[in-house]
2 protein chains.
Amino acid sequence: MSDRKEFRDLASPAAAREAIRSLDLMPDPESVPLSETRGRVLAERVDAGIDVPGFDRASMDGYAVRARDTFGADEANPVELDLVGAVHAGATPEVAVEPGTCAEISTGAVMPDGADAVVMVERTDEVGGPDDDRVDRIAVRTAVAPGDHVMVAGADIAAGARALGPGTRLTPREIGLLSALGVDEVPVRGRPAVGIVSTGDEIVRPDEELDPSRGEIYDVNSTTIAAGVAEAGGEPVLYPHAGDDYEEMERLLRRAADDCDLVLSSGSTSASAVDVIYRVIEERGDLLVHGVAVKPGKPMLIGRLDREDGGESAYVGLPGYPVSALTIFRTFVAPAIRSAAGQPEPRTATVDGRMAVRERYGEGRLRLMPVGLLDLGDGTAADAPAGDPTLPLVYPVDKGSGATTSLVEADGVVAVDPDTEYLDRGETVTVQLFSPDVRPPTLLGVGEDDPALNRLLDRLENPRYLPVGSREGLRRLRDGVPDVAVTAGPTDRDVDAVGIGGFEREWGLVVPAADPKDVTGVADLVDRDLRFVNRPPDSGLRRSLDDALDALAETRSVTRRELSDRIDGYGMTVRAFESPVRTVRDGDADVGLGLRETADRLDCGFVPLGEQSVVVHAASDRIDRAAVAAFTTVLDDLDDVVAGLPGYSA
Amino acid sequence: MSDRKEFRDLASPAAAREAIRSLDLMPDPESVPLSETRGRVLAERVDAGIDVPGFDRASMDGYAVRARDTFGADEANPVELDLVGAVHAGATPEVAVEPGTCAEISTGAVMPDGADAVVMVERTDEVGGPDDDRVDRIAVRTAVAPGDHVMVAGADIAAGARALGPGTRLTPREIGLLSALGVDEVPVRGRPAVGIVSTGDEIVRPDEELDPSRGEIYDVNSTTIAAGVAEAGGEPVLYPHAGDDYEEMERLLRRAADDCDLVLSSGSTSASAVDVIYRVIEERGDLLVHGVAVKPGKPMLIGRLDREDGGESAYVGLPGYPVSALTIFRTFVAPAIRSAAGQPEPRTATVDGRMAVRERYGEGRLRLMPVGLLDLGDGTAADAPAGDPTLPLVYPVDKGSGATTSLVEADGVVAVDPDTEYLDRGETVTVQLFSPDVRPPTLLGVGEDDPALNRLLDRLENPRYLPVGSREGLRRLRDGVPDVAVTAGPTDRDVDAVGIGGFEREWGLVVPAADPKDVTGVADLVDRDLRFVNRPPDSGLRRSLDDALDALAETRSVTRRELSDRIDGYGMTVRAFESPVRTVRDGDADVGLGLRETADRLDCGFVPLGEQSVVVHAASDRIDRAAVAAFTTVLDDLDDVVAGLPGYSA
């Protein structure tokens, strides 16, 4: 084995936070046009540079008067004033109001010289002149005091007054005030530049071609973390991927340090890549923390990289698995970026919930446990899982940290202290959401995967569906977390559930187009030399296939096992309903287990073996939930949903 | 008067909402690069197009083996296997694992042919070959089952499986999953294009020169609403301002309708501009709603504008005052933009609070009352204002809707039903924040405005300070809403408050540089022909000036009134501490009341008349609040704060 670094003497999470706090990520302030300031943070106080309004301003439509002239006027005894002209908004007054006169004035117009109040138009009457075709006098039916319906210059805000303080986050209203002050270039906190260097040999960017035979996978962490950086108020800078060219990787790391306030890399599975990082830090920088007592995240690195210009860049090495990388980023790095950008901790970044199951722990280090959330919201089923019925349910998501789908099957993490032995069912926990914008699903479904079901789910608002297969789906429904389980084919589990709808689908054997090997049924798999590709035992298709084998075994008076042992590939199971069909289409098998729909869609041949029922079961204590009712409604519209799906019927 | 439209037969708020719902703002979906999708909403379901991983993948560092070869192995009885080579991540395996052999394998590497499990490196030992300098055998100290530490192809997500549903808002984690699937162009909901046409003759854009003598003011609504549109998920399009060129305005409105899904204008104070809007809608469009029974917002218009291409654009006319425009936008328009963009209602858009005062109402139409918020948070002072002590205080902000500063002095609005007569003190109300990003202040201060105070406020996190003057400040402190009041000069009000700090400032008469009229003191104002500019009676400077006049009156055995009547401009008061100084500097007065600091800063001369104390008073039941304690701490560091401020001492 290569000579790998060991993570001994793990730092405590508190020490890791302290180390990150000691790094300087603070960018210089900058000046940006007002129209681009939304969400930015003021770098300094902004005082008013002008009076607002900049003039004594009429705040009503009416007549500008000398208040003294109206004293004593009322409905019964109006005062008549000579009309000397009009002043409109946006125009310099061309009249002055002498004693005994008035001028028509619009809201927002400049008060003419001499006038000190406005009479609302509603309290006046026009009085005809000698010829009656031209108004030349106004009857005023109320008395006004000086200043009435006038906003004096600077009354809104006066030049020199404090308008907005440093650290103010700019939302539409602050932008409005800056606009009123004529501030069109705004001093704001800089966004820390965060360089993201991807280090795995096997990593390919999403816009490139993938070669799975070389073990290549798409780069998940760079894009996830880049989005997280932007969300925290930083400016992500993605560096090109160096592949297995270690000199290039070293050059990129140094360049990122020169360009950025912070450099992030995510743990590579390649020892050589890790060695490059160590070499760069050791030659030009400091390693402050090497391993942290937190799960996941043990291999976290924290350090400083020297710059060409004599300055320093901060460096954090994140773990490699996507959920681990996002968790460690969110817990340790995002707060530092926000702080450098002057952004507040978002109010929606954490939510309280209650454990839907009891979860054992006791591993001696801080665990950041990935969890899913389900907000029962409407309060039904309140007492099914214990705990505060107003809180959403929280359940652990453990697919292994390598799974990228955990990113969307979990909503965040619960921090479990090293000395916690277990979290009890119903216990209140705080969930740190992966992002403040995470919206927990309204409905949790589990079970079979199916193309018609996918169309149904498309019609629901924000559902989560875990395709765990029929048997596992029913098991989870019985355990009380999901709202619904979907089964296909025969089932034998008893759960306290209500069928809320379903449909029929045609299943059979999928063969290459035109069926070159002339496959006619299950017996061919047993008797002929055909490469088969199967689905796992917990899937509905597999249950139906096994039933067909049982029937064949009975006619031959043998056991099913005796038949299945003779099928080449019976044990070769693939994950999704489309997988066997793809295997056949790609020429890697002669026959696959599948649906007519999939065979048709992927241009394969199909040997029908029967129909099986797909049934949606709702937990009986969740039937009244709005989200379950919505699912039931959608199921009522099946004809429309299955239209155009070959082999389906409502 | 011009022939203005009257708003009769006001629509109900519900009818206005219905009218807006009937408009079609929905833009076409679009395809955007993955790196630009944060915050966007998926337009359609995304199914996995590839298996992830695309190959059987080692999920541990160790040795790839045939599981059967390890059966029976344990710590006491290791099994030795021949090492036939190594497989690294990102490389095609060049070895096959035959019975009795193994291959070194890195996490993420492709499983070599023949191997079906991985033994962790920690459960193995290297065994030297004949020459002992080259490892050629591995001792395996554990048994593994087929599949152990192997992630099979498609186990994370298989081709054809549902990955993300339509309507999913894209946060870092969803972006990560799309990245794993190699989706680099993402189908997302379009952002509705929202044209903003400004219609007032007096409106000037913030990057242009302002001429206050013509009654010009900076455009507040266009920028505020543009930021609100972007926040709601729309794409604001600002059209150039047409000023008083009504043909151009008409052309712009038609162009905006042609280009945009929605056109917004905000109420003009100019009748002619309103007439242009009516003409455009009447000639080519429909007016659905003309006036709504809501305060503010009565003059709201809702309609449709025909497009050149035969389509339609929605149109909403907002009221003209900034707070009214933002309130109506937030209440009626933003939900429609969000809905068209597929964006959810933000969870932080509303907060509950308790009324800090009793507020009378009863106006017969829905009132959207602007309010400020103060989160007492730490629970101290819990019972001072009544109501649920965990809720923030809510107090009405009524500066007149024309004030742009209301935008930042209020945090949102409370909807008060037409039949509500009053909101009681302590009553729980729901505040619709002006924006989901609004953060209510941590501290509410009122009172004198002062440059050293401004520096102190800069050191606090998110304070709100209302410069209402010393007397009004104390009055409000007594009424129980603010935390602190700041007074300057002599005060005579008794309030239950604790002085938490203060400083001295030098005040006097401000004159042009070099004092061309040789002003020496207050007597000159009375005895000579000097144009004076004063501050309002509730300011600390005015109180000190009046005290000086009292002293002079006593020496002359006259009343203060007799002296002040002889001062030209004694009644001419301006708003902020800097305002009299600016008036003098600009040549519009010979002498102004002000501070040495301001005189020095604006290059004016200064005739000192004395020092006055500025004192920070905290409400006695708020002393323990964290924000008040932070203010006290900042006050302890006064020497630093007043350093470089002429005329100040701690």
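Refer to the preceding data block for the structure.
About the criteria used
- Residues numbered from 1 in each chain as written.
- Chains lettered and ligands numbered in written order.
- Predicted model: local features only at pLDDT ≥ 70, side-chain atom pairs only at ≥ 80, totals over all residues.
- Heavy atoms only, no water.
- Pairing = 2+ DSSP bridges.
- Helix = DSSP H or I, 4+ residues; strand = E, 2+ residues; numbered from the N terminus.
- Axes fitted to C-alpha atoms, helices over the stretch in contact; angles between N-to-C directions.
- Parallel < 35°, antiparallel > 145°, perpendicular 65-115°, else oblique.
- Left-handed = near helix turned anticlockwise from the far one by under 90°.
- Contact = heavy atoms within 4.5 Å.
- Nonpolar A, V, L, I, M, F, W, Y, C, P; charged D, E, K, R; others polar.
- Phe/Tyr/Trp six-rings, centres within 6.5 Å; stacked < 30°, edge-to-face > 60°.
- Buried < 20%, exposed > 50% of the residue type's maximum accessible area, 1.4 Å probe, protein only.
- Lys NZ or Arg CZ within 6 Å of the ring centre and 35° of its normal.
- Least-squares fit on C-alpha atoms with pLDDT ≥ 70 in both.

Participant: Give a detailed account of the sheet that holds strand β7 (residues 117-120) of chain B, specifying residues and quantitative values.
Facilitator: Residue and element names in this part refer to chain B. Pairing is mixed across the open sheet formed by six strands, whose spatial order is β7-β4-β6-β5-β9-β8. Of all strands in the sheet, those with a lone pairing partner are β7 and β8 (124-128), marking the two edges. Ignoring strand direction, the axes of neighbouring strands in this sheet form an average angle of 40 degrees. Pairing of strand β4 (residues 62-65) with strand β6 (residues 101-105), which is carried by three bridges, proceeds in the antiparallel orientation. Note that in β6 the partner of G62 across the bridge is I105.

Participant: So, the packing of helix α4 (residues 221-231) of chain B against helix α7 (residues 322-341) of chain B: which residues are in play, and what are the values?
Facilitator: Residue and element names in this part refer to chain B. One way to put it is that α4 packs onto α7 with a least axis distance of 10 Å and a crossing angle of 25 degrees. The angle between α4 and α7 places the two elements in the roughly parallel class. For α4 against α7, the interelement crossing comes out right-handed. Between α4 and α7, the contacting residues are N221, T224, I225, G228 and V229 on the first element and P322, A325, L326, F329 and I337 on the second. In the contact of α4 with α7, the residues fall into seven nonpolar, three polar and no charged.

Participant: Which residues make up the packing of aromatic side chains, and what values do they have?
Facilitator: Each aromatic ring pair is characterised by the separation of its centres together with the angle its planes make. If you walk through the whole model with that rule in mind, you get two aromatic pairs over all chains. Taken together, a centroid distance of 5.7 Å and an interplanar angle of 45 degrees make the contact between F503 of chain A and Y648 of chain A tilted. Here the residue F503 of chain A occupies a position in strand β32 (residues 497-511), and Y648 of chain A occupies one in strand β36 (residues 648-649), the gap between them amounting to 145 residues. In this pair, the class of F503 of chain A matches that of Y648 of chain A, namely buried. Lying across the ring of F332 of chain A, R17 of chain A places its NZ or CZ 4.9 Å from the centre. The side chain of R358 of chain B reaches across the aromatic face of Y422 of chain B, ending 3.7 Å from its centre.

Participant: Give me the lowdown on the relation of the copies chain B and chain A, citing residues and values where you can.
Facilitator: Take chain B, turn it by 180 degrees, move it 0.0 Å along the axis, and it overlays chain A with an RMSD of 0.2 Å. Given the turn and translation reported, the copies of this chain are related as if by a two-fold rotation axis. Residue T348 of chain B of chain B places its C-alpha closer to the rotation axis than any other residue of that unit, at 3.7 Å. Interface overlap between copies: 99% of the residues of chain B at the interface are likewise at the interface in chain A, consistent with a symmetric, same-surface contact.

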